[in-house]
Amino acid sequence: MIYTSAQDWQAADRKKVLLFGMSGLGKTHVSNMLRDSGEWFHYSIDYRIGTRYMGEFIADNAKREAMKNPFLRELLMSDSIYIGSNITFDNLAPLSTYLGKPGNPDLGGVPFDEYMRRQEQHHAAEVSALLDTVHFINRAQDLYGYDHFVCDTGGSICEVVDADDPNDPVMTALSQNTLMVWIKGSDAHADELARRFDKAPKPMFYKPEFLKARWSEYLAENDIGEDEVDPNAFVRWTYSKALAHRQPRYDAMSKWGITVTAEEVAEVRTTEDFNTLIARALDRR
């Protein structure tokens, strides 16, 4: 690890961390707080994916829908209007909408093969965005003068790395340049995340073998065809299984860094609080 003790961390002129864990446990909240202090550069993996690596896919999908409307088609064909996504750190809806949900097209679903094609695009984009972290660490200091850096990862980071492989290229690059911090949730947090997701299901990225197995299982369990699947019902059902699927993957990643709890993160209000939290986690490791 790039910091081996609380003393190393507190004395470091450049503090560089990467936060990972399930969505909804405080990664972006803490990252925003650090950025707002004026001392930290905030690098959002999901924002990078949606703008740099999947921005064209997202825009083209919106244009494809607009082309179905004769009025909009004529304006697009004459370059009279522009269609693009307006992704921000706090609004990643264009990316989620593009990923979509498989199932009945009358309910907003996309064919499963198309769904898997978009999942693969996201996989490649996420790996590239994660590997860009080192570039942005240097860019943040060279261009903007930031000494401190926080990488705010998406919940699916555990799906695109193999933390059990000591030579995994993404894990190696990240651990050699940042302190990797797992925000670990409890069973109560998992229940709350599932409740939130059930209320507002959204598209997510998963490993292809996990998704294919869940899709086949869902079709067989409900004795239905692909076009009969309620997209929201499927992603709700899948999410509950994903919580258990991801936990051991995060745990394996934690060996490359340190662990803090979601309860501890919820108490962080200032950069001083954050520095103390990291120092405490380093000491107990």
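Source: prediction; values computed, not measured. (Residues numbered from 1 in each chain as written. Predicted model: local features only at pLDDT ≥ 70, side-chain atom pairs only at ≥ 80, totals over all residues. Heavy atoms only, no water.)

## Side note on the layout of surface pockets
Note the threshold: We place a 1 Å grid over just the protein atoms. Points where a 1.4 Å probe fits but has no way out form a cavity, open points with protein on both sides within 12 Å along at least 5 of 7 lines form a pocket, and any residue with an atom within 4 Å of a point lines it. Grid points are joined across faces, edges and corners, and a volume is the space filled by probe spheres set on the points. Secondary structure elements are defined from DSSP: runs of H or I of at least 4 residues count as helices, runs of E of at least 2 residues count as strands, and each element is numbered from the N terminus. Under the convention adopted here, Pro, Cys and the residues Ala, Val, Leu, Ile, Met, Phe, Trp and Tyr are nonpolar, Asp, Glu, Lys and Arg are charged, and Gly plus all remaining residues are polar.
Computed from the structure, the largest pocket encloses a volume of approximately 680 Å³. Considering the residues around the largest pocket, the lining is formed by 30 residues, among which S23, D46, L92, G154 and K202 are closest to the centre. Mapped by element, the contributors of at least two residues to the lining of the largest pocket are α2 (27-36), α3 (45-53) and α6 (93-99). Tallied by class, the residues present in the lining of the largest pocket amount to 10 nonpolar, 14 polar and 6 charged. Approximately 220 Å³ is the volume found for the second largest pocket. Lining of the second largest pocket is provided by 17 residues; of these, T97, G100, K101, G108 and V110 occupy positions nearest its centre. Put simply, the parts of the chain that give the lining of the second largest pocket at least two residues each are α6 and α13 (231-254).

## Side note on the packing of α3 against helix α7 (residues 112-131)
Rules: Orientation is described by axes fitted as lines to C-alpha atoms, over the contacting stretch for helices, and by angles from 0 to 180 degrees between their N-to-C directions. By convention the crossing between two helices is left-handed if the near helix lies anticlockwise of the far one by an angle smaller than a right angle, and right-handed if it lies clockwise. We call two residues in contact when some of their heavy atoms are within 4.5 Å.
One way to put it is that α3 packs onto α7 with a least axis distance of 9 Å and a crossing angle of 115°. For the element pair α3 and α7, the recorded crossing hand is right-handed. Two secondary-structure elements touch here, α3 through I45, R48, I49 and Y53 and α7 through H122, A125, E126, S128, A129 and L130. Looking at side-chain class alone, the contact of α3 with α7 contains 6 nonpolar, 2 polar and 2 charged residues.

## Comments concerning the side chain of Q119
As a reminder of what qualifies: Type-normalised accessible area, obtained with a 1.4 Å probe on protein chains alone, sets the label of each residue: buried when under 20%, exposed when over 50%, and partly exposed for intermediate values. Within 3.5 Å is the distance limit for a polar contact, defined as a pair of N or O atoms, with the added protein rule that one can donate a hydrogen and the other accept it, and that residues adjacent in sequence qualify only through two side-chain atoms.
Following the sequence through the fold, Q119 ends up in helix α7. For Q119, a relative accessible area of 2% puts it in the buried group. At 2.8 Å, the side chain of Q119 forms a polar contact with the backbone oxygen of M204. Leave out the neighbours within four places in its chain, and Q119 touches L99, M204, F205, Y206 and L211.

## Notes on the nonpolar core
Note the following rule: For the purposes of this section, nonpolar cores are sets of buried Ala, Val, Leu, Ile, Met, Phe, Trp, Tyr and Cys residues that join through side-chain atoms within 4.5 Å.
Among the nonpolar cores identified, the biggest contains 81 residues, and W9, L179, M253 and F274 are the most heavily contacted of them. Discounting chain neighbours no more than four positions away, the residues touching M253 are F20, I157, C158, V161, A163, M171 and M180.

No statement about biological role is implied by the geometric values presented.
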